[in-house]
Amino acid sequence: MAAYRCECVGLLLFMLCTSFTVHIDADVHDYTTQVTDTESDVADAESVLVPDPPPAPLGTGGKQSPQEEVVVEAEVVEAEDGPWEATEVRGEVDDVGDDGDANDHRVVDGPSSTDDFKEELVIRPLSSGDIYASFQFRTVWDTDLTGDQKVSHYRLFPKSLGQVITKFSVRELHISFTQGYWRTMQWGQPYQPSPPGAELWVWFQDTVTDVDGTWKELTNVLSGIFCASLNFIDSTNTVQPSASFKPLGVGNVTDHRFLRYATLPREIVCTENLTPWKKLLPCGSKAGLSVLLKSEKLFHSTFHSQAVHVRPVCQDPQCRTTSLELRQTLNVVFDLHTSGQGKREWSLFKMFSRTLTEACPLASSSKVYIDMTDNPQGEQFELSPATPLLSQAVVLGDRRTYSVYDLTQQGTFGSTRSLNMLLRWKSAEGNMLRPLLHSERYVAGYGLQTGEIHTLMYNNHPYRAFPVLLLSTVPWYLRLYIHTLTVTSKGKDNKPSYIHYQPSKDRERPHLLEMLLQLPPNSVTEVTVEFERALLKWTEYTPDPNHGFYVGSSVISALVPSVVAMDTDSSPERPLFSSFFPCKEEASYFTRLYTEPLLVNLPTPDFSMPYNVICLTCTVVAVGYGSLYNLLTRTFQVEEPSPGLAKRIANVIRRMRGVAPL
Amino acid sequence: MGLLSDPNRRRALIGMLTRLNAPICVVCYMAGVAWFMGLAFEPFTLRTYMSENAMGSTMVEEHFPAGERALDTGREFAAHKKKAGGMPVDWLVRTMQSRGLEVFTQRFSRKLPFPDENKERYMVKGTNVYGILRAPRAPRTEALVLSAPCSPGNDNNQAVGLLLGLAQYFRSQIYWAKDIIFLVNEHDLIGMQAWLEGYHHTNTTGMDWSPLQGRGGSIQAALCLELSSDVVTSLDLVLEGLNGQLPNLDLVNLFYAFCQKIGVLCTIQGKLPRNDWDTPWGYSHAAKTMLMMVLKQASGRPWGDHGLFLRYHIEAASIKGINSFRPYKTDATTVGRLMEGMYRKLNNLLERLHQSYFFYLMPSLSRFVSIGYYMPAFGLLAVILLLRPSSPGVLSILTPLVISHLTGVALYTLPILSQEIAVEHFPVSETEAVVLTAIAIYTAGLALPHNTHRLLSGEGTEQGWKVLKLVAVLYLAVLLGCTALINFSLGFILALTLVPLAAFITPHVHRTLAAFVMVVLSPGFTLLFAVYFFQDLQETPVSVQEGWMLFLSVISQGILDHALYGSLVYPLVALLVYPCWLLFWNILFWK
């Protein structure tokens, strides 16, 4: 897999190299960080709008330092007129400042587009004693990348993503990499749900004609950018959900021909995916909250999820123009038992082995929120250093109270000039939660011929029913018997008000089943469907066929009744974590829930069999063919008794005379 | 093939086979038995080796420190068990929760078809408690199971204690890649059956259970722990599962490798390995070990709680702690370290255990006989059946076939159906009623077929019995062949007794003597002998009276196993083997 990834990156680099004219300064290595990058961009802000820029030196340093190293080796490659040209950056680097200077440059802006960067960390102590940390980095750029005008100047927005969005006419892009399964029963709802493995869904602009071709290219390019196996996304695991994945940004395109959705449940997420993700941040991992993102700690956790969401958002409340929003989120849950110290306490240092010393200088806002809702009088845990700042936000249908640490204020860091919050638990462990909505999914039955997929959805609300959209994608090698589909709640048939089913085609596309269901209050709704396991061709098995084959998570999109009135206006002052899913009505909030992926064993031949078969067939052919050949070529004659002496002599004489013998 | 295409030589071959038919059959039979007995001879067997790369080359370290604390927990469990008079559900749930597991319970109930006198139960109600250790950063697709039974009396308290101790220790480790399910099952196999059926949402035996709330994906392997003393002298591995299924040999290898590494005495069939294979005593020891495995496997019943996992394609074995009078003892910490090592290696598995053998016999824990070695022994017996058919005729032999099978159906259904009537009319308990009805039908079958046959189809002809024999012999060959493929031991034992009578029975032999031999070689008597032989091998010989009682209880257990866990031996014998034997009985009394 690693080798394959390297290949992908190589491929991408090759594409980049050949479509750019590259002049490399000898000191290109000095400009690898995002901070300096930005400065150079600022310095050249005036010259951005030159309509048709001639090939110019790319001296600013790309977003990804490993790429640069390759570029240096590639030396100068002449440009072809590729689509990449549209986003060239023109300019030279003339000044390198340290991080402190960057702050001063920040105020200089280009004439046409402004961008804004916010970072935020939410820490939610969980009743199980675990702790949940959710990072959000948001860059909003008042520009239209996909319009007619070519955009060639990048400041805070990562150029590698911008180019992708331009080239492939992407309207919205959501990609997540998750290692682990979110435990709703113990942890409640996450701020940004995501399924185990990799998930990618993209809305294309309605100008795209060949959506499938563009999707294929896009997945390959993203595979290179994120060092992931996204190139394994093909028609056999891509679907076009009709209702479950509406655009999260503004825009009224709802024709699902322009939507593509795919998951790779088997994808392993590790450092190699984290590094390119961090490189998209304006401050890299140099300053601000992102200094906490050290892989040795992030991957010593029970749950890890990182995501990138790109979508158009309203620039102003009237929504006259749109800007492009990039949200990078990273969620991580640390486990009390495996932290190894036995004490029931958490600090930034214990979680990330770093403390905070400054905000990202490029950020307009940099805050740390700690969820204090369950702890109004300090009876659950104590927090030090205490902060006077409290904030309230309506999140996931509940009003929550947060202690806020503003990193842009020097006072936050105190005399030690570093912030290391300490959270000490007082009470013992809590019980399991009863979240309003949770789900479960498993394969029933035994043997390798048939099976049954059960999906259970629990509505724990005492008196309110609410609608959910269930989306399941099942690979073609599990042949669903759709006539066995049953939906029951409380022992009665629950008739879905909307069903969208697309049958699979062998080796071409998966099953897609979407249902709109009403979950009665205080009930379990069970969806079952039987399937038959297909026998694959022997080249179609994975190298480890006895491990089993994955079926991706089902997606449950729900409008859950809210306890308090939701904020329907999207004011910019709301904390980032509360404004991810747009909220249309006060009485309920939108959330997504992912079920477990399934591991299904298919009938697998004994792969030592080829050896046996060769031996056996050789023997059979040799023995069978030999005897058959023998029978066919041998002539069988009835042996006549030898004639008497007189007859023999008579025959000799007759032969000499030329007469037929007796 | 030249041999067959040449008409002369073909004729000569057939001539030789017909002329020397009887001696060849005798030689084949002797060779088959000799071959089988030779399997236990050490130079003819293979040394076990680890086939699975994921478990072989990766070294793991064992650090489990808390054996004493685990024993304390076990004592606490015992006290709560006594107080609750059964499974201390609340205490277990609390304890597992405090160890950081996700805890769930499952209630189940089952009414047995007739009271089980061995275990004194009829209406069974119970609760299983299980806790899931969620592996960090794993998507709930794979799981391992560690189970310990909650037994009545003072049994297996230490096993539950060690299970909880291991749960606590495992929970603080970061390296798990598969969820680990810690299961405490009540009412041994019935609880296990309920849990497995609940987990896989199937219902094969008509048991009532409440659905499970938490799952960990597909289970890759399971170990069942039985431990009734604070210290053990040796650990015994039990492999034989339902219907004679065995776990993958790599699981055995794993256990053996860790016993060697940690220095724990380990046994199979409760017999310590010897290294004097070249002496008669060494050989007979190995032969006894193997024969015990054959008898246990042939019985088709699960010999430990692990036995029911095998149906679900989950490799499982039971580990029993044995405390004898040997001086050298192993403490709970060491047993815990052994379990830790095994789970860490199972955790490293990338695929299900599939590399090694599924069909094997074990003359000792370090030696095995694979299917390629033992099948010839069976083949030599089965070939006799193919050599013996006489020339075919045309007469209808439907009547004896149908009657024999109807008798079989009666044997299969009547004992349970008629237990109430029997209890009313005779002074016996339900269990006895069932068993005695079965024996009565079995014996009645001896009289039925040949009488009715005479009634229905009039006078038999010479041709008639030959056709019947042809059908019966081929029937037996197919039946034994299929049985031996699935459960070699059962197939071999049946072949050993049924083949000689099938080969030599005709209406023209000495009736009384032949009838006696046939009865002695009938499936029922085979079972009786097997009971005595098994007790002898276990070094607990029994008197005739005790043996008979044991025989009766074995029959009731067989019927119960079929009803409770879906064991197939009783229907196989009642519906197929016994009617087949009746056909031969028919031939003997052909008029």
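Please read all numbers here as calculations on a predicted model, not as lab measurements.

**Quick look at the overall build of chain B**
Then, number 1: Assigned secondary structure in chain B consists of 21 helices and 12 strands.
Then, number 2: For 591 residues, the compact-globule estimate of 2.2 N^0.38 gives 25 Å, and chain B sits close to it at 26 Å.
Then, number 3: Taken along its principal axes, the extent of the C-alpha atoms in chain B is 80 × 65 × 45 Å.
Then, number 4: Looking at chain B residue by residue over its 591 residues, the buried ones come to 58%.
Then, number 5: Taking the intrachain contacts of chain B between residues at least 6 apart in sequence as the baseline, contacts between residues at least 24 apart amount to 82%.
Then, number 6: Accessible surface for chain B amounts to roughly 23500 Å². Of this, 64% is attributable to carbon and sulfur atoms.

**Quick notes on the overall build of chain A**
Then, number 1: When helices and strands are tallied, chain A shows 12 helices and 26 strands.
Then, number 2: Each of the 662 residues in chain A was classed as buried or not, and the buried ones make up 54%.
Then, number 3: Put simply, of all contacts in chain A between residues at least 6 apart along the chain, 78% involve residues at least 24 apart.
Then, number 4: For chain A, the exposed surface amounts to about 29200 Å²; the carbon and sulfur share of it is 54%.

**With respect to the state of the cysteines**
Then, number 1: For the structure shown, the criterion picks out 1 disulfide over all chains.
Then, number 2: Sulfur of Cys25 of chain B: no disulfide; nearest cysteine sulfur belongs to Cys28 of chain B and is 6.4 Å away.

**Some details on the sheet that holds strand β17 (residues 466-474) of chain A**
Residues and elements named next belong to chain A.
Then, number 1: Taking strand neighbours across the sheet as the criterion, the 5 strands line up as β20-β21-β17-β24-β25 in an open arrangement whose pairing is antiparallel. With partners counted over all chains shown, the strands left at the sheet margins are β20 (498-502) and β25 (588-594), one partner each. Across the sheet, the mean angle separating the axes of adjacent strands is 15° when strand polarity is ignored.
Then, number 2: Bridging between β17 and strand β21 (residues 511-519) involves 9 bridges; their strand directions are antiparallel. Paired with Leu469 across the bridge in β21 is Leu516.

**Some points on the pattern of salt bridges**
Then, number 1: Counted by the stated rule, this structure contains 29 salt bridges over all chains.
Then, number 2: Taking the shortest distance from any N to any O, the salt bridge between Arg155 of chain A and Asp115 of chain A comes out at 2.7 Å. Of this pair, Arg155 of chain A sits in the loop between β2 (131-141) and α5 (159-167) while Asp115 of chain A sits in strand β1 (residues 115-125); the two residues are 40 residues apart in sequence, bridging distant segments of the chain.
Then, number 3: Between Arg507 of chain A and Glu540 of chain A there is a salt bridge, and its shortest N-O distance comes to 2.2 Å. With a gap of 33 residues between them, Arg507 of chain A in the loop between β20 and β21 and Glu540 of chain A in the loop between β22 (523-533) and β23 (549-551) connect regions that are remote in the sequence.
Then, number 4: Arg507 of chain A gets classed as partly exposed once you look at its relative accessible area, which sits at 33%.
Then, number 5: Note on Glu540 of chain A: relative accessible area 27%, which makes it partly exposed.
Then, number 6: A cluster of three or more residues bridged by salt bridges with shared partners is formed by Glu596 of chain A together with Glu102, Arg134, Arg140 and Asp179 of chain B.

**Brief notes about the interface of chain A and chain B**
Then, number 1: Listed by partner, the interface residues are 42 residues for chain A and 40 residues for chain B.
Then, number 2: Here chain A meets chain B over a buried area of about 3300 Å², counting both sides, of which 56% is carbon and sulfur.
Then, number 3: On the chain A side of the interface with chain B, the three residues burying the most area are His337, Tyr446 and Asn546 of chain A, jointly 18% of the side's total.
Then, number 4: Where chain A meets chain B, there are 3 salt bridges.
Then, number 5: At the boundary of chain A with chain B, the tally comes to 13 residue pairs in polar contact (both at pLDDT 80 or more).
Then, number 6: When contributions to the side of chain A that touches chain B are tallied by element, the ones reaching two or more residues are β7 (303-314), β15 (437-444), β16 (450-459), β26 (598-600) and α11 (609-633) of chain A.
Then, number 7: Considering each element in turn, the side of chain A that touches chain B owes the most residues, 4 residues, to α11 of chain A.
Then, number 8: Partitioning the side of chain A that touches chain B into residue classes produces 18 nonpolar, 17 polar and 7 charged.

**Looking at the side chain of Glu52 of chain B**
Residue and element names in this part refer to chain B.
Then, number 1: Relative to the helices and strands, Glu52 resides in the loop between β1 (46-47) and α4 (53-56).
Then, number 2: The buried charged residue Glu52 lacks any salt bridge partner; its closest oppositely charged side chain belongs to Lys178, at an N-O distance of 9.6 Å.
Then, number 3: In this view, Glu52 contacts Asp250, Leu349, Arg352, Leu353, His354 and Gln355; residues no more than four positions away in its chain are not counted.

**A few points about the UniProt feature "transmembrane region" (unreviewed entry) in chain B**
All names here are of chain B.
Then, number 1: Those places that UniProt annotates as "transmembrane region" (unreviewed entry) correspond, in this numbering, to residues 20-41, 368-387, 393-412, 472-501, 513-534 and 568-590.
Then, number 2: With 82% helix and 0% strand, the stretch residues 20-41 has end C-alpha atoms that lie 31 Å from each other.
Then, number 3: The distance separating the terminal C-alpha atoms of residues 368-387 is 32 Å; by composition the span is 85% helix and 15% strand.

**Considering the packing of helix α12 (residues 371-387) of chain B against helix α17 (residues 488-504) of chain B**
Residues and elements named next belong to chain B.
Then, number 1: Closest axis-to-axis distance for the α12/α17 pair is 9 Å, and the angle between their directions is 25°. Between α12 and α17, the angle falls in the class roughly parallel. For α12 against α17, the interelement crossing comes out left-handed. Together, Tyr374, Met375, Ala377, Phe378, Leu381, Ile384 and Leu385 of α12 and Phe488, Gly491, Phe492, Ala495, Leu496, Val499, Ala502 and Ala503 of α17 make up the contact between the two elements.
Then, number 2: For the contact of α12 with α17, the per-class residue count stands at 14 nonpolar, 1 polar and no charged.

**Some words on the packing of aromatic side chains**
Residue and element names in this part refer to chain B.
Then, number 1: Taken as a whole, this structure holds 52 aromatic pairs over all chains when the rule is applied.
Then, number 2: Between the aromatic rings of Phe36 and Phe488, the centroid separation amounts to 6.3 Å while the plane-to-plane angle is 40°, which identifies the pairing as tilted. Pair noted here: Phe36 is in helix α3 (residues 21-38) and Phe488 is in helix α17, with a separation of 452 residues, a long-range link. Just as Phe36 is buried, Phe488 falls in that class too.
Then, number 3: In this structure, Arg215 is placed above the aromatic ring of Tyr199, and the distance from its NZ or CZ to the ring centre is 5.8 Å.
Then, number 4: In this arrangement the basic side chain of Arg301 is found over the ring face of Trp303, its NZ or CZ atom lying 6.0 Å from the centre.

**Focus: the pairing of strand β11 (residues 360-364) of chain B**
Residues and elements named next belong to chain B.
Then, number 1: Most of β11 is tucked away, with 5 of its 5 residues classed as buried.
Then, number 2: Pairing analysis gives 3 bridges linking β11 to strand β12 (residues 367-370), with the strands arranged antiparallel. Among the inter-strand pairings, Tyr360 is bridged to a residue of β12, identified as Ser370.
Then, number 3: Here β11 folds back onto β12 in antiparallel fashion, the turn holding 2 residues.

**Description of a nonpolar patch on the surface**
Then, number 1: Judged by side-chain polarity, Leu13, Ile14, Met16, Leu17 and Leu20 of chain B come together as a nonpolar surface patch covering roughly 370 Å² of accessible area.
Then, number 2: Looking at where Leu13 of chain B falls in the secondary structure, it is placed in helix α2 (residues 7-19).

**Some remarks on helix α19 (residues 523-537) of chain B**
Residue and element names in this part refer to chain B.
Then, number 1: Here α19 is 15 residues long and its end C-alpha atoms lie 20 Å apart, about the 21 Å a rise of 1.5 Å per residue gives.
Then, number 2: Those residues of α19 that sit buried are Pro523, Gly524, Thr526, Leu528, Val531, Phe534, Gln535 and Leu537.
Then, number 3: Looking one or two places after α19, you find Glu539, whose phi comes out positive at around 60°.

**Remarks on the sheet that holds strand β9 (residues 266-268) of chain B**
Residues and elements named next belong to chain B.
Then, number 1: Sheet architecture is open: 9 strands sit in the order β6-β2-β3-β5-β4-β7-β10-β8-β9, paired in mixed fashion. Looking along the sheet, the strands with just one partner apiece sit at the ends: β6 (208-209) and β9.
Then, number 2: Where strand β7 (residues 218-226) meets strand β10 (residues 315-322), 6 bridges bridge the pair, whose relative direction is parallel. Each residue of the ladder has a partner; that of Leu223, found in β10, is Ala317.
Then, number 3: Relative to the sheet, helix α9 (residues 249-262) contacts β7, β8 (234-238), β9 and β10, its axis offset from that of β10 by approximately 35°.

**Comments concerning the packing of α5 of chain A against helix α7 (residues 211-226) of chain A**
Residues and elements named next belong to chain A.
Then, number 1: Taken N-terminus to C-terminus, the directions of α5 and α7 make an angle of 175°; their axes are 11 Å apart at the nearest point. Judged by the angle between their axes, α5 and α7 are roughly antiparallel. Where α5 abuts α7, its residues Ser160, Val164 and Lys167 lie against Glu217, Leu218, Val221, Leu222 and Ile225.
Then, number 2: The class makeup of the residues in the contact of α5 with α7 is 5 nonpolar, 1 polar and 2 charged.

Definitions and limits used
Residues numbered from 1 in each chain as written. Chains lettered and ligands numbered in written order. Predicted model: local features only at pLDDT ≥ 70, side-chain atom pairs only at ≥ 80, totals over all residues. Heavy atoms only, no water. Helix = DSSP H or I, 4+ residues; strand = E, 2+ residues; numbered from the N terminus. Rg over C-alpha atoms; globule rule 2.2 N^0.38 Å. Buried < 20%, exposed > 50% of the residue type's maximum accessible area, 1.4 Å probe, protein only. Contact = heavy atoms within 4.5 Å. Areas by Shrake-Rupley, 256 points an atom, 1.4 Å probe, with all protein chains shown as cover. Disulfide = S-S within 2.5 Å. Pairing = 2+ DSSP bridges. Axes fitted to C-alpha atoms, helices over the stretch in contact; angles between N-to-C directions. Salt bridge = Lys/Arg side-chain N within 4 Å of Asp/Glu carboxyl O. Buried area = accessible area lost by both parts, 1.4 Å probe. Polar contact = N/O pair within 3.5 Å; in protein donor to acceptor, adjacent residues only side chain to side chain. Nonpolar A, V, L, I, M, F, W, Y, C, P; charged D, E, K, R; others polar. Lys, Arg positive; Asp, Glu negative; His and termini not counted. UniProt positions renumbered as here; feature names shortened; annotations may be inferred. Parallel < 35°, antiparallel > 145°, perpendicular 65-115°, else oblique. Left-handed = near helix turned anticlockwise from the far one by under 90°. Phe/Tyr/Trp six-rings, centres within 6.5 Å; stacked < 30°, edge-to-face > 60°. Lys NZ or Arg CZ within 6 Å of the ring centre and 35° of its normal. Patch = residues over 30% accessible without salt bridge, like charges linked within 9 Å, V, L, I, M, F, W, Y side chains within 5 Å. Expected span 1.5 Å × (residues − 1).

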